[in-house]
Amino acid sequence: MTLSKYKQVVVSVLCFLFVLLLVVSLPAFGKNTSNNTPSLKNIGQIEQDAKHSFKCRAAFEEWVERFSGEKKGYTKWENAFRAAFLSRIKKHCNWPPEGYCINGDTVSVWYADFDADGFGDDANSEEACEAPDGYIENAGDCDDANAAINNGVIELCDEIDNNCDGAVDEGLTINRFYADHDGDGYGDVTESIETCHTEVSGFVGSSADCNDAAAAVHPDARESAEFGTGECDDGIDQNCDGVDVACNGIDADRDGHASKESGGDDCDDTHAGVYLGASEICDNMDNDCNSRIDENFVLGEFCSVGKGACYASGVVVCSDDGLSTQCNAIEGLPRDEACGGGDDDCDGFIDEDPVDARNLYTDFDSDGFGGWYARMQSCYNVSDFVNNSIDCNDARYAANPFEREKCDGIDNDCDHQIDEGCYCVPQTEICGDGLDQDCNGSDLACNGDVDGDGDGYRPLDGDCDDADAHVYPHAREYCDGVDNNCDHVIDEYSAVDAPTWYYDLDGDGHGGFMPRIISCDPVEEDWTTIGGDCNDYDSYVNPEWFEECGDGVDNNCDGNIDEWC
């Protein structure tokens, strides 16, 4: 055994002796204390004043704080002596009184929660300072063996007080059912029940049975006036209409009405539902036997369906269910919109965005190559327009990708180089114009060549107007009569504000969808910037025209025909 272990044993023994000394000397506790700490020799007087004095309580709570519970660092023997000491204080001081808790709280009522639903049993409670095992603070459980029953759940239709409010199935929708003893689906109005259930065995929702003891008697039963059926003049009202039908003739179609030939009111005894007073439907028959056929329906008039290529015409006929009419025309199938002046996709618009439309470009110099001044989309060839845009200078006939380079200070072959590979005739050099007049291979820089307008480009960098900060290479082009991007073309169709022009074939002030031109400058007088004409072959059809009823045409180009008519 090491020296440290000897020390531990010695310390433990000394502590044991100290606690033993305290326990033995407890009867003399408080002998020399002040008046605020009572002497335990006066136990009788302390007990008498226990409810009116806090002296014992103060002493007890002080020793509870010092000696109650297991303390870390003490041996089990030391803790045992501490507990014994505290017990002697309680015995001699008669504290705490009944109903008093060590932590200062009063005794609380706790309710058993055996089904662990968070609500305690009102009839099973205990009083204690702390909750006993299986007990909780709140009550409200009228069945502590069922976790689905307490005052926090919703009432169900099960003849049980689910929410513990003392009522059963309260607040639920109540349905009335009628007894169906004969099982024909119709109940007896004199025998009914009310319940929150949606189905009840042996009961139904209808009360229209006039004899609930006979399954063959109910409102949908057959009762024929035809001789030999056994359903007429038998003293039984089979269909519950209040009358036993008389046998008055032959009912071949068994619709309850005898033929006229046999004395009945059925004008066509081969079709059930045809008799005097029946409802007339659209089926090319005299259903109500008034000598008129389909008199409530307008038939045979002209009608049409679909638009454009899907259009089809026909006449008004009876609908399949006989309750209304319909057009017998069969609408066609749409296809991709293509050039040709027709509404191929059946949307009410002609030649809008056709799949075969071509991009055409202006050819002002008539060299067969289009420039950047204006672009057109069209289904057809247009004079002064070509289908390419590779002309770098559409103002000069001698400048296009197939022209040979000449020594004229112009990019003749559109390769973005000037006078390359040509025989140069030396001339007086002009500084800062981007041309090599003296044939030395470069332009002459002007003295003080600077960015005069502060746009980031100098004249040698290609700034064609160094006095205007909005003009420089690659700037955005606008329709303003200025070569904003210094590409030697003014107001080309790529200008951000270049309008779209539509050809107005019918002269109604609204252009169709094709052809159309993007250009800064106005084109010929037959063009307009107002589009949306869904039929540019008819001047009485455009977005501002009024809808004419009965013509089968979308006059106002809103996608609807004869609306509001």
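Going by the structure above, here's the rest.
Here is a short report on the structure shown in this document. (Residues numbered from 1 in each chain as written. Predicted model: local features only at pLDDT ≥ 70, side-chain atom pairs only at ≥ 80, totals over all residues. Heavy atoms only, no water.)

To continue, consider the overall build of the chain. Looking only at helices and strands, the chain features 4 helices and 15 strands. Each of the 565 residues in the chain was classed as buried or not, and the buried ones make up 35%. Summarising the internal contacts of the chain: among those between residues at least 6 apart in sequence, 28% fall at separations of at least 24. Entry remark: accessible area of the chain is about 33300 Å², with carbon and sulfur atoms responsible for 52%. (Helix = DSSP H or I, 4+ residues; strand = E, 2+ residues; numbered from the N terminus. Buried < 20%, exposed > 50% of the residue type's maximum accessible area, 1.4 Å probe, protein only. Contact = heavy atoms within 4.5 Å. Areas by Shrake-Rupley, 256 points an atom, 1.4 Å probe, with all protein chains shown as cover.)

What follows covers the packing of aromatic side chains. By the definition in use, this model includes 8 aromatic pairs. Seen from their ring centres, Tyr-457 and Tyr-472 are 5.4 Å apart, and the 5° between their planes marks the pair as stacked. Pair noted here: Tyr-457 is in the loop between β12 (385-386) and β13 (500-503) and Tyr-472 is in the loop between β12 and β13, with a separation of 15 residues, a long-range link. Taking relative accessible area as the criterion, Tyr-472 reaches 25% and is therefore assigned partly exposed. Members of the aromatic cluster, each reached through a chain of ring pairs, are Tyr-540, Trp-545 and Phe-546. (Phe/Tyr/Trp six-rings, centres within 6.5 Å; stacked < 30°, edge-to-face > 60°.)

A few words on the side chain of Asp-367. Inspection of the secondary structure assignment puts Asp-367 in the loop between β10 (358-362) and β11 (375-378). Salt bridges are absent for the buried Asp-367, whose nearest opposite-charge side chain, Arg-396, sits at 11 Å. In terms of polar contacts, Asp-367 uses its side chain to reach the backbone amide nitrogen of Phe-369, at 3.0 Å. In this structure, Asp-367 is in contact with Asp-391, Asp-394, Arg-396, Tyr-397, Ala-399 and Asn-400, ignoring residues within four places of it in sequence. (Lys, Arg positive; Asp, Glu negative; His and termini not counted. Salt bridge = Lys/Arg side-chain N within 4 Å of Asp/Glu carboxyl O. Polar contact = N/O pair within 3.5 Å; in protein donor to acceptor, adjacent residues only side chain to side chain.)

Pairing within the open sheet is antiparallel, and its 3 strands lie in the order β2-β1-β3. The open sheet has two free edges, formed respectively by β2 (125-128) and β3 (135-136), since each of these has just one partner strand. Bridge analysis of strand β1 (residues 108-112) against β3 gives 2 bridges, and the strand direction is antiparallel. Within β3, the residue paired with Tyr-111 across the bridge is Ile-136. (Pairing = 2+ DSSP bridges.)

As a further point, take a negative patch on the surface. There is a patch of like negative charges on the surface, built from Asp-384, Glu-524, Glu-525 and Asp-526. You can see Asp-384 is positioned in the loop between β11 and β12. (Patch = residues over 30% accessible without salt bridge, like charges linked within 9 Å, V, L, I, M, F, W, Y side chains within 5 Å. Charge placed at Lys NZ, Arg CZ, Asp CG, Glu CD.)

This part covers the nonpolar core. Ranked by size, the top nonpolar core spans 8 residues in total: Leu-360, Tyr-373, Ala-374, Met-376, Phe-385, Trp-501, Ile-517 and Trp-527. When residues no more than four places from it in sequence are discounted, the contact partners of Tyr-373 are Thr-362, Phe-364, Ile-490, Asp-491, Glu-492, Tyr-493, Ile-518, Ser-519 and Asp-521. If you look at the next biggest cluster of nonpolar residues, it comprises 6 residues, including Tyr-361, Tyr-493, Ala-495 and Ala-498. (Core = buried A, V, L, I, M, F, W, Y, C linked by side-chain atoms within 4.5 Å.)

So, on to the state of the cysteines. As used in these notes, a disulfide is a covalent bond between sulfur atoms, one from each of two cysteines. Under the definition given, this model contains 12 disulfides. A sulfur-sulfur distance of 2.1 Å marks the disulfide that ties Cys-303 to Cys-327. Sign of the S-S torsion, about 85° for the bond between Cys-303 and Cys-327, identifies this disulfide as right-handed. One end of the pair, Cys-303, is in strand β7 (residues 302-305); the other, Cys-327, is in strand β9 (residues 325-327), with 24 residues separating them in the sequence. Look at Cys-327 and you get partly exposed, because its relative accessible area is 22%. Here Cys-479 engages in a disulfide with Cys-520; their sulfurs sit 1.8 Å apart. What sets the handedness of the Cys-479 and Cys-520 disulfide is the S-S torsion sign, and at about -70° it is left-handed. You can see Cys-479 sitting in the loop between β12 and β13 and its partner Cys-520 sitting in the loop between β14 (516-518) and β15 (527-528), a full 41 residues away along the chain. For Cys-520, a relative accessible area of 12% puts it in the buried group. (Disulfide = S-S within 2.5 Å.)

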